[in-house]
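Given next are the chains, with one letter for each unit.
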Amino acid sequence: MSFQSYVIRRIGQVIVTYWAFLTILFVLFRVVPGDPVSMHVQDLGAEAREERIAELGLDQPLYVQYVEYLRQLARADLGQSMIYNESVWNIIVVKFWNTIILMAASLILAYAIGILGGALLAWYRGTAFEKGGIVLTLLARSSPEFWTGIVLLGVFVFWLGLFPVGGMRSIGSELATGVGRYLSWDFVYHAVLPALTGAIYFLGTPALLMRNSMLDVLNADFIEIKKAEGLHPWNVLYKHAVRNSILPLVTIAAIAVGMAIGGSVVIETVFNWPGMGRAMVDAVNNNDYQLAMAAFFLMGSVVILMNFVADLLYVYLDPRVTYE
Amino acid sequence: MSNRQHEPASTTNSLADQVRRGWSTFTALFGNDRLGQIGLLLLLGFIFIGAFAPFLAPYDPGEMNRDDQGDILRLDGPSTDHLFGTTQLGRDVFSQVIVGTRVSLLVGVSAATMSVFIGTNVGLISGYKGGYVDDVLMRITDIAYALPFLPFVIVLVVILGADIMNIIIAIALIQWRSTARVVRSQVLSHKERPYVESAYAAGAGDLRVMYRHILPNVLPLVFLYAALAIAWAIIAEASIAFLGFGDPELHSWGQMIYDAYNVDAIRFAYWWVIPPGMSIVLLAMSVFFVGRTLEQITNPELRHRE
Amino acid sequence: MTLLEITDLQTQFETSEGRVHAVDGVNLSLEANESLGIIGESGSGKTTIAKSIVRLLPDNGEIVDGEVRYDGDDITEYSDRQLRKQIRWNEIAVIPQNAMNGFDPVYTVGDQIVEVITAHTDTPNDEAMERAKSLFQTLGIDEDRVHDYPHQFSGGMAQRAMIALALALDPSLLIADEPTTALDVMIQDRILHRIQELQDELDTAMIFITHDMSVVSETCDKIAVVYGGRIVEFADTETIIKNPRHPYTLGLRNAFPSIMTDDQDLVSIPGTPPPLLEPDEGCRFAPRCPFAEERCWSETPQSEPYGDGNTIECHRADEHERIRPEASKSETWREQEEVIEADD
């Protein structure tokens, strides 16, 4: 199979996966009895309720609702928030980027530390450094994000007073729009602890995987040949050993994105971060199902997209892959 | 160095033989692995506490304790009466931690069992049957990967109700995905090996080849994933409880931190926050330690040179 | 001119069971443009000798004693940096057993040849790539294949590409470690011939490590027979093939039909190579030797010269005229096999 037909086949699979995801989303939020919408609509008077139901199209047969739901999504129409009475899109789009920026920072940090640390653990195999490193890695991985966050809050905020307790910017700071929002020291100052919390939780998997993969690669014949070639040891380590060892990490990276997106629910709650995750928790608590659904929709979309990108990246990075 | 070959598990051995072999593998693995031993010890400790929780807990975890004047003992620091102090509502933190052990163990073991059961079967069938069965099952696995874990569990819990069983099911519904993928890839490689061919030649049917011949050979990997799944499930349940979607009937560790966090107790009542938090970390870590030791069966390359 | 001179080389490995004396007092010399075969069973220490020359030992191994003189300089005294810059690939290049695994799978073969050229010289990338292409032509590979990845090559072609890589910097010495064992016999033969031709054309000295006597008999000027980390016999190829003196060499010869003068049964030497953990006094081959006497068990034989620059380590070397015909009989070794089994 050629690369092109592989990509086309993969796109086909992604479309199927995506459609299934959208359907699950629809079922979750509308079909299952005791769904949030009926809870919400109960608060209203009988007449207003009828009206509202008609407005939302909930009086239509399910398949009509389903088709309408897909049509709306295709138009990027996420509906109206039931609580804020505002377009969900407007509410969520800023929160979406707040989450993406935070999680990207966490993941980049986690992967940078994980790859470097994992490589060193393999390089220093059998030493006290390795043992200590493994214990620390497993400790980081064993600590739920909310607990790491609380510990960081306790130490760096309540005890040392080095960082703000939460939020994304200081009260009274200049309100920038667009990208400018993320290009200030104030933002970085607020982002350090939440990003670190995520990074600590995520770094365990790449670090341990990198170590194992690197141990395999270091035993490969070609590493010895590269040494025999008289290449600089750093070249052997980075250009050859690390380059080969990170291949399995690419697949895991997509899963890590999924973990990070899902995990944003927790981190954003601990640090009061105005992102999608916290919006989702609040929306569920308020029975604002349109908003919750939009958050869920965006999270799933990002994860599916990243899985697809990771697959292509893997094929690109490993010339041996046969496209099957 | 012992020259242990990775022989396909034989089906002709007696049970006693298998037990003996299992035991010697066990001692060989844990015998010179300090971290594995620590993990095992910690884990046994937690299981002991969980099993005898009602006898070990000095107070009813829901009881509001009062002082000599009859006032509720709110946020009382650690003392001989209350080892880890009391909560905002005068409840004994130590007893809650003891009782919470049960919840975490229950969630960890049940969710892991369920998810590994689903994942192993999906992986086995998918890898073995190939073709469109494989295609369909792998697309379903992709979908499980596409669903964001915690948000999915939260929505499901809201729909089904915040009952501990629902939480366990919700966790398992997502978690089986990793076992499925890794078992499938193992099955793919085992399918081509001579012992499978000779099983066919001996007249074994598909089911028999899958469950009697291939399954025993991927079992070490299944155990490893079960261990990891226990840890992930414990962390997931704690996170859900922390977000306020836990089973309100139960005193779980996550629930305790949720209560404490909501009254801002991290600022002034360390005794209320640290015991449940450290318990989660220690329990998850003990499982990871044991898992790391088990990993050496599946990948002998990782054995330490000592 | 002597290119390589190894004196009393001792290389040991630290293992959980103790110190392994993998190379235990080896002496060797090699003239420029000469080819030397090092032959022995697996575990005899032959590969460790090669790795000690370029100091590519695993972390737990070290050269504890001896000299490796290259062009008169003791390169065991070189710093890592010196060795890397002056010796590795510039002077001594290595051809591994399995060429497919010798290339990094994620880069094209051409890029890997360019990498080693530019690491050692100031050659610009495009010129280095031209050099890679011309090397491919020399080895009879289509020059466009420099842009292919290692996994796109067949086994034989990968091995030739590996030789191209080894020749990239015109080394004075090539060390080939079982370069053809992974290939089928036809291709094996063709590659061996090509190596031989190239060696003549390029004035390169060569060390050939193998367990296969027929390989060295065709390609090498001299042969060193390694047993238990020591060179038990060292002589020109003709002597080793026709008139060897060591019972082990005689035994090895029996295992390969092509070099036998009369048609005899194939007999392998009974028993297994000795463990190299803290060896005791005595000849290491004694337990497997049909001609062992009492002193063979108690005294370690020392290297004795014979003929024109040949050496042997055997207490009964003087009796070779009598031993040789005995050793070519398969009964002799079968009897020994029974003795070994009886001891167990």
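What counts, and at which threshold
- Residues numbered from 1 in each chain as written.
- Chains lettered and ligands numbered in written order.
- Predicted model: local features only at pLDDT ≥ 70, side-chain atom pairs only at ≥ 80, totals over all residues.
- Heavy atoms only, no water.
- Buried < 20%, exposed > 50% of the residue type's maximum accessible area, 1.4 Å probe, protein only.
- Helix = DSSP H or I, 4+ residues; strand = E, 2+ residues; numbered from the N terminus.
- Pairing = 2+ DSSP bridges.
- Axes fitted to C-alpha atoms, helices over the stretch in contact; angles between N-to-C directions.
- Left-handed = near helix turned anticlockwise from the far one by under 90°.
- Nonpolar A, V, L, I, M, F, W, Y, C, P; charged D, E, K, R; others polar.
- UniProt positions renumbered as here; feature names shortened; annotations may be inferred.
- Contact = heavy atoms within 4.5 Å.
- 1 Å grid on protein atoms, 1.4 Å probe; cavity = no way out; pocket = protein on both sides within 12 Å on 5 of 7 lines; lining within 4 Å.
- Points joined across faces, edges and corners; volume = space filled by probe spheres on them.

This paragraph deals with the pairing of strand β2 (residues 18-31) of chain C. All names here are of chain C. The buried fraction of β2 is high, at 11 of 14 residues. Sheet topology places strand β1 (residues 2-15) next to β2; 11 bridges connect them, and they run antiparallel. Considered in β2, the bridge of Glu-5 is made with Ser-29. Between β1 and β2, which pair antiparallel in sequence order, lie two residues.

As a further point, take the sheet that holds strand β11 (residues 304-306) of chain C. All names here are of chain C. Taken together, eight strands build an open sheet; the order of strands is β6-β7-β8-β3-β9-β10-β12-β11 and the sheet is mixed. Single-partner strands in this sheet number two, and they are β6 (92-95) and β11. Adjacent strand axes in the sheet meet at a mean angle of 25° when their direction is disregarded. Sheet topology note: the β6/strand β7 (residues 173-177) ladder contains four bridges and is parallel.

Once that is clear, we can look at the packing of helix α4 (residues 93-129) of chain B against helix α9 (residues 206-242) of chain B. Residues and elements named next belong to chain B. Contact geometry for α4 and α9: axes closest at 7 Å, N-to-C directions at 145°. Judged by the sense of rotation from one axis to the other, the crossing of α4 with α9 is right-handed. Considering only residue class, the contact of α4 with α9 consists of 20 nonpolar, five polar and three charged.

The sites that UniProt annotates as "transmembrane region" (unreviewed entry) are residues 38-57, 103-125, 145-174, 218-245 and 269-290 of chain B. What you have in residues 145-174 of chain B is 83% helix and 0% strand, and the ends, taken at the C-alpha atoms, are 8 Å apart.

Moving on, we come to the sheet that holds β1(C). Residue and element names in this part refer to chain C. Reading across the sheet, the four strands line up as β2-β1-β4-β5 and stay open at both edges, with antiparallel pairing between neighbours. Because the sheet does not close on itself, it has two edges, and the strands there are β2 and β5 (73-74). In terms of strand pairing, β1 meets strand β4 (residues 61-70) through eight bridges, oriented antiparallel. Residue pairing across strands places Glu-5 opposite Arg-69, the latter belonging to β4. Each of β1, β2 and β4 is contacted by helix α1 (residues 46-53), which is oriented at about 110° to β1, the strand it contacts most.

A word on helix α13 (residues 276-285) of chain A. Because an α-helix completes one turn every 3.6 residues, residues spaced three or four positions apart along the sequence face the same direction. Counting buried positions over the 10 residues of α13(A) gives seven, a clear majority of the element. Three or more residues of α13(A) are buried, namely Met276(A), Gly277(A), Ala279(A), Met280(A), Val281(A), Ala283(A) and Val284(A). Check the buried side of α13(A) and you find it contacts α5 (88-123), α12 (247-270) and α14 (289-317) of chain A together with α6 (149-160) of chain B. At the C-terminal side of α13(A), Asn287(A) shows a positive phi close to 55°.

All names here are of chain C. In this model, the second largest pocket occupies a volume close to 490 Å³. As for the second largest pocket, its lining consists of 25 residues, of which Pro-274, Arg-284, Ala-286, Pro-287 and Trp-297 are closest to the centre. With four residues, helix α13 (residues 330-343) is the single largest residue contributor to the lining of the second largest pocket. When its residues are assigned to classes, the lining of the second largest pocket shows 14 nonpolar, four polar and seven charged.

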